[in-house]
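Fold and contact review
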Amino acid sequence: MKLNLRNIVGREVLAGAVNGRTTLNRLLEQTTSEPDEPELVFLDFSDVEVATASFLRESVLAFREIVRSHRPKLYPVIANANETVKDELLYLLQSRGDCFMACSLSEDESTTEASPIGKLDPKQRITFDLICKHRETSAVELMRLYGESEKLTHTTAWNNRLATLASLGLIIELSQGRTKRYRTLFGGT
């Protein structure tokens, strides 16, 4: 699903907390139901010149928090943000110790240049990189393959790291009975 912020807001400059909250409501109106399978929600910044931190906080970050907690099969991704928007988002995310997935998105919705924007702690970054390396895995598999090198003796630490990355929408969580598996948002991330 692609939601074009320029079209939703109606202008090229996205500024202010009030406008951000209005945009949040519009984004939520377009994502009222949860799909059966995990689905990416591209927040498309094509033709947006500037987005302020207050706007991003009240719209994009609030949208991700609501969606990830109430519609967990939806995974918001920043798409086609220019350097000005990325810089503002990076400043906001780093000040919060937060991270958001971003990419370039073509008209046919194929993705390139996918990477997280913001700040991951070193252990989360290692875990994220391992998910990208394996494309799909579980805490048990990570423990078996990397537990010794990471000086871990139980899968709980891997479970916690994976759950945090999934709650941020950086990886997809798949439930298979009592087992949870995790995979990248994009095939070749």
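A brief structural summary.

1. Thoughts on the pattern of salt bridges
Counted under the stated rule, the structure contains 10 salt bridges. A salt bridge links D98 to R64; the shortest N-O distance between them is 2.6 Å. Placement of the pair is D98 in the loop between α4 (83-96) and β6 (99-105) and R64 in helix α3 (residues 53-70), with a sequence separation of 34 residues. R64 carries the same exposure label as D98, and that label is buried. Each of the salt bridges in this network shares a partner with another, and the network as a whole consists of R64, E65, R96 and D98.

2. Structural notes on unusual backbone geometry
Positive phi, normally seen in glycine, also occurs at N80, with a value near 60 degrees. Position of N80 relative to the elements: it lies in the loop between β5 (74-79) and α4. Its identity as a non-glycine residue notwithstanding, E109 has a phi of 65 degrees, on the positive side. Considering the arrangement of structural elements, one finds E109 in the loop between β6 and β7 (111-118). Judged by its relative accessible area of 36%, E109 is partly exposed.

3. Brief notes about the environment of K180
With respect to the helices and strands, the residue K180 is situated in strand β10 (residues 179-184). Residues K180 and A139 lie 41 residues apart in sequence; the distance between their C-alpha atoms is 8.0 Å. Setting aside residues no more than four positions away along its own chain, K180 makes contact with S138, E173, L174 and S175.

4. Describing the sheet that holds strand β8 (residues 136-137)
Taken in spatial order, the three strands line up as β8-β10-β9 in an open sheet, and their pairing is antiparallel. Of all the strands in the sheet, the pair left with one neighbour each is β8 and β9 (171-176). As defined by bridge partners, β9 adjoins β10 across six bridges and the pair is classed as antiparallel. Looking across to β10, one finds that I172 is bridged to R183. Against the sheet, helix α7 (residues 156-167) engages β9 and β10, with an angle of about 115 degrees to β9.

5. Some thoughts on the packing of helix α6 (residues 139-146) against α7
At a minimum axis separation of 9 Å, α6 and α7 run at an interaxial angle of 125 degrees. If you check the angle between α6 and α7, you find them oblique. Seen along the crossing, α6 lies across α7 with a hand that is right-handed. On α7, the residues that touch A139, L142, M143 and Y146 of α6 are W158, N159 and L162.

The rules we used
Residue positions are given per chain, counting from 1 as you read along its sequence in written order. Totals for whole chains, interfaces and linings use all residues, but because this is a predicted model, local features are given only for residues with pLDDT of at least 70 and pairs of side-chain atoms are given and counted only at 80 or more. Side-chain numbers here rest on the full set of heavy atoms in the structure, without hydrogens or water. We count a salt bridge whenever a side-chain nitrogen from Lys or Arg sits within 4 Å of a carboxyl oxygen from Asp or Glu. Only DSSP runs of H or I with at least four residues qualify as helices, and only runs of E with at least two residues qualify as strands; both kinds are numbered from the N terminus onward. Accessibility here uses a 1.4 Å probe with only protein chains present; expressed as a share of the type maximum, an area under 20% marks a residue as buried, one over 50% as exposed, and anything in between as partly exposed. Note on contacts: a residue pair is in contact if any heavy atoms of the two residues lie within 4.5 Å. Strand pairing requires that DSSP identify at least two bridges connecting the strands. Between the N-to-C directions of two axes lies an angle of 0 to 180 degrees, each axis being a line fitted to C-alpha atoms and, for a helix, fitted only over the stretch in contact. Orientation categories follow fixed angle ranges, with anything under 35 degrees roughly parallel, anything over 145 roughly antiparallel, 65 to 115 roughly perpendicular, and all other angles oblique. In this scheme the handedness of a crossing depends on how the near helix is turned from the far one: anticlockwise by less than a right angle means left-handed, clockwise means right-handed.

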